[in-house]
Amino acid sequence: MPRHAFAIGLLVAACGRGSSPPPSTVDSAAVAHRAADSLLAAHKAGAQALATDAKATVAQLLKNPATATFDSLIVVQPAETGNSWPAPVVCGRIGGKPGIKGASTMTPFIYQNRINVFVLDPTNGEAFAALRAKLCDAPGTAPLLN
């Protein structure tokens, strides 16, 4: 190979390196923020359906589900924990004729999904209050639907 061809090859290789774009930098905090915003928007969009499911499921705890009445019903987004958002929950009170376990007053409940429904009763007051404080009333909890 002639010397001038080798020199031209080195010159082309050197020039080619200088013209490539710098490596892109990704702002991971911005990406995480956008992902969190998207997840929260999806949770807000599904809040009404979650409330409807909660009412239908919790009403089945009554002897006569058709008499179910609800108050203080709110769908909330529990606070972020460990860089992840828990699923939304429904917090409220249910009454009926007769009420939960024959109660004549409204009974507080927490609905996470069709399997995880927590109802206040005389045996679980402390545990129920702790769960309510964590899921429904904690700092950073955001209402999605009231």
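Residues numbered from 1 in each chain as written. Predicted model: local features only at pLDDT ≥ 70, side-chain atom pairs only at ≥ 80, totals over all residues. Heavy atoms only, no water.

A. Region of the structure containing the sheet that holds strand β5 (residues 142-145). Spatially, the five strands line up as an open sheet ordered β4-β3-β2-β1-β5, and their pairing is antiparallel. The open sheet terminates on both sides in strands that have one partner only, identified here as β4 (117-119) and β5. Ignoring strand direction, the axes of neighbouring strands in this sheet form an average angle of 30 degrees. The sheet contact formed by strand β1 (residues 69-77) and β5 spans three bridges and is antiparallel. Residue pairing across strands places V75 opposite L145, the latter belonging to β5. Across the sheet, helix α3 (residues 47-59) is in contact with β1, β2 (89-95), β3 (107-111), β4 and β5; its angle to β1 comes to roughly 135 degrees. Against the sheet, helix α4 (residues 125-135) touches β1, β2, β3 and β4, its axis set at about 50 degrees to β3. (Pairing = 2+ DSSP bridges. Helix = DSSP H or I, 4+ residues; strand = E, 2+ residues; numbered from the N terminus. Axes fitted to C-alpha atoms, helices over the stretch in contact; angles between N-to-C directions. Contact = heavy atoms within 4.5 Å.)

B. Up close: the environment of C91. Mapped onto the secondary structure, C91 falls in strand β2. Here the alpha-carbon distance between C91 and Y111, two residues 20 residues apart in the chain, equals 6.4 Å. Apart from residues no more than four positions distant in its own chain, C91 is found in contact with S72, L73, I74, V76, F109, R132 and C136.

C. Geometry of the pattern of salt bridges. Applying the stated criterion to the full structure yields four salt bridges. As a salt-bridge pair, K101 and D121 come within 3.5 Å of each other at their nearest N and O atoms. Here the residue K101 occupies a position in the loop between β2 and β3, and D121 occupies one in the loop between β4 and α4, the gap between them amounting to 20 residues. Accessibility expressed as a relative area gives 74% for K101, which makes it exposed. With a closest N to O distance of 3.3 Å, D137 and R132 form a salt bridge. You can call D137 partly exposed: its relative accessible area is 48%. (Salt bridge = Lys/Arg side-chain N within 4 Å of Asp/Glu carboxyl O. Buried < 20%, exposed > 50% of the residue type's maximum accessible area, 1.4 Å probe, protein only.)

D. Region of interest: the state of the cysteines. Applying the stated criterion across every chain, the model contains one disulfide. Disulfide partner of C91: C136, at an S-S distance of 1.8 Å. Between C91 and C136, the disulfide has an S-S torsion of -80 degrees and is therefore left-handed. Residue C91 is located in strand β2, and its partner C136 is located in the loop between α4 and β5; the two are separated by 45 residues in the primary sequence. The same class applies to C91 and to C136, which are both buried. (Disulfide = S-S within 2.5 Å.)

E. Summary view of the nonpolar core. Formed by 14 residues in total, the largest nonpolar core has its most connected members in V75, V90, I94, F109 and Y111. Elements supplying a minimum of two residues to this core: α3, β2 and β3. Take this core: its biggest share by element is five residues, from α3. When near neighbours in sequence (up to four residues on either side) are disregarded, Y111 contacts L50, D53, A54, T57, V58, V89, V90, N116 and V117. (Core = buried A, V, L, I, M, F, W, Y, C linked by side-chain atoms within 4.5 Å.)

F. Layout of α3. Taking 1.5 Å of rise per residue, the 13 residues of α3 would be expected to cover 18 Å, and the 18 Å separating its terminal C-alpha atoms lies within 8% of that figure. Buried within α3 we find A47, L50, A51, A54, V58 and A59. Projected down its long axis, α3 carries its buried residues within an arc of 155 degrees, all on one side. (Expected span 1.5 Å × (residues − 1). Arc of directions from axis to C-beta.)

G. A look at the environment of P108. Examined against the element boundaries, P108 turns out to sit in strand β3. Separated by 35 residues in sequence, P108 and L73 have C-alpha atoms that sit 9.6 Å apart. If sequence neighbours within four positions are ignored, P108 has contacts with G92, R93, F118, V119, L120 and F128.

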